[in-house]
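# Analysis of the macromolecular model
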Amino acid sequence: SAVISQKPSRDICQRGTSLTIQCQVDSQVTMMFWYRQQPGQSLTLIATANQGSEATYESGFVIDKFPISRPNLTFSTLTVSNMSPEDSSIYLCSAYLQSMNTEAFFGQGTRLTVV
Amino acid sequence: ILNVEQSPQSLHVQEGDSTNFTCSFPSSNFYALHWYRWETAKSPEALFVMTLNGDEKKKGRISATLNTKEGYSYLYIKGSQPEDSATYLCALSSGFQKLVFGTGTRLLVSP
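In short, a report on the structure.

Calculation rules
- Residues numbered from 1 in each chain as written.
- Chains lettered and ligands numbered in written order.
- Predicted model: local features only at pLDDT ≥ 70, side-chain atom pairs only at ≥ 80, totals over all residues.
- Heavy atoms only, no water.
- Contact = heavy atoms within 4.5 Å.
- Buried area = accessible area lost by both parts, 1.4 Å probe.
- Salt bridge = Lys/Arg side-chain N within 4 Å of Asp/Glu carboxyl O.
- Polar contact = N/O pair within 3.5 Å; in protein donor to acceptor, adjacent residues only side chain to side chain.
- Helix = DSSP H or I, 4+ residues; strand = E, 2+ residues; numbered from the N terminus.
- Nonpolar A, V, L, I, M, F, W, Y, C, P; charged D, E, K, R; others polar.
- Buried < 20%, exposed > 50% of the residue type's maximum accessible area, 1.4 Å probe, protein only.

Moving on, we come to the interface of chain B and chain A. Listed as interface residues are 17 residues of chain B and, on the opposing side, 21 residues of chain A. Summing both sides of the interface, chain B and chain A together bury roughly 1,600 Å²; the carbon and sulfur share of this comes to 58%. When the area that chain B buries against chain A is broken down by residue, the three leading residues are Trp38(B), Gln97(B) and Phe101(B), summing to 37%. The closest approach of N and O atoms between Glu58(A) and Lys98(B), which form a salt bridge, is 3.1 Å. Seen at the junction of chain B and chain A, the total is 6 residue pairs in polar contact (both at pLDDT 80 or more). Where the side of chain B that touches chain A is concerned, the elements lending two or more residues are strand 4 (32-38), strand 5 (45-50) and strand 10 (99-101) of chain B. A total of 3 residues in the side of chain B that touches chain A trace back to one element, the largest contributor, which is strand 4 of chain B. Looking at the side of chain B that touches chain A residue by residue, the class counts come to 10 nonpolar, 5 polar and 2 charged.

Residues and elements named next belong to chain B. One pass over the full model with this rule turns up 5 salt bridges over all chains. In this structure, the salt-bridge partner of Arg 61 is Asp 84, at a minimum N-O distance of 2.9 Å. Residue Arg 61 is located in the loop between strand 6 (56-59) and strand 7 (62-67), and its partner Asp 84 is located in the loop between strand 8 (72-77) and strand 9 (86-93); the two are separated by 23 residues in the primary sequence. Residue class for Arg 61 comes out partly exposed when judged on its relative accessible area of 33%.

Next up, the structure:
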């Protein structure tokens, strides 16, 4: 199994500011992903974090708004830029182990409130 | 666009009751169906990953079945306990390890 440490666990931010969320995995992983859950909605994939290259974004998400870094096989960051109240969500990072491409492991989530 | 639906949206049962939830999905382009349990302020925890039509899996009091031809999966909890209170998520993967989630079923078990 894998343990994913995600921080911060929660934050309240002013609109127009940016927040960077960090995700650290205790094992080398093949794939890392970032998801968002807006209130009352499903968990939705934002992007795939690619090691050493630009992230791959899903439809409706852009790099300028959600820049992602993945400098190595165990660490990734997601920045929520120029925040508005609509960005208030739970953000989750997720990863698959190199040896087990079956179940995904998740961080504990970052609960973001934008005021 | 894949659409995964879960029902009911929420459920409130008494300790000792058995319960079940449904996950519906399009039967084409199926690769795997995942069930997760998500407790507040904790990481979603994988319960089952199912790939074959007719699959049945069990973990303690929790079990799941899969019908890929008609596009549904059932999750059963036998003898619910208060510690089973959580949101139960199902998700579909298309083989690229990306998951498409349903909105979840929120279960509350009262003592």
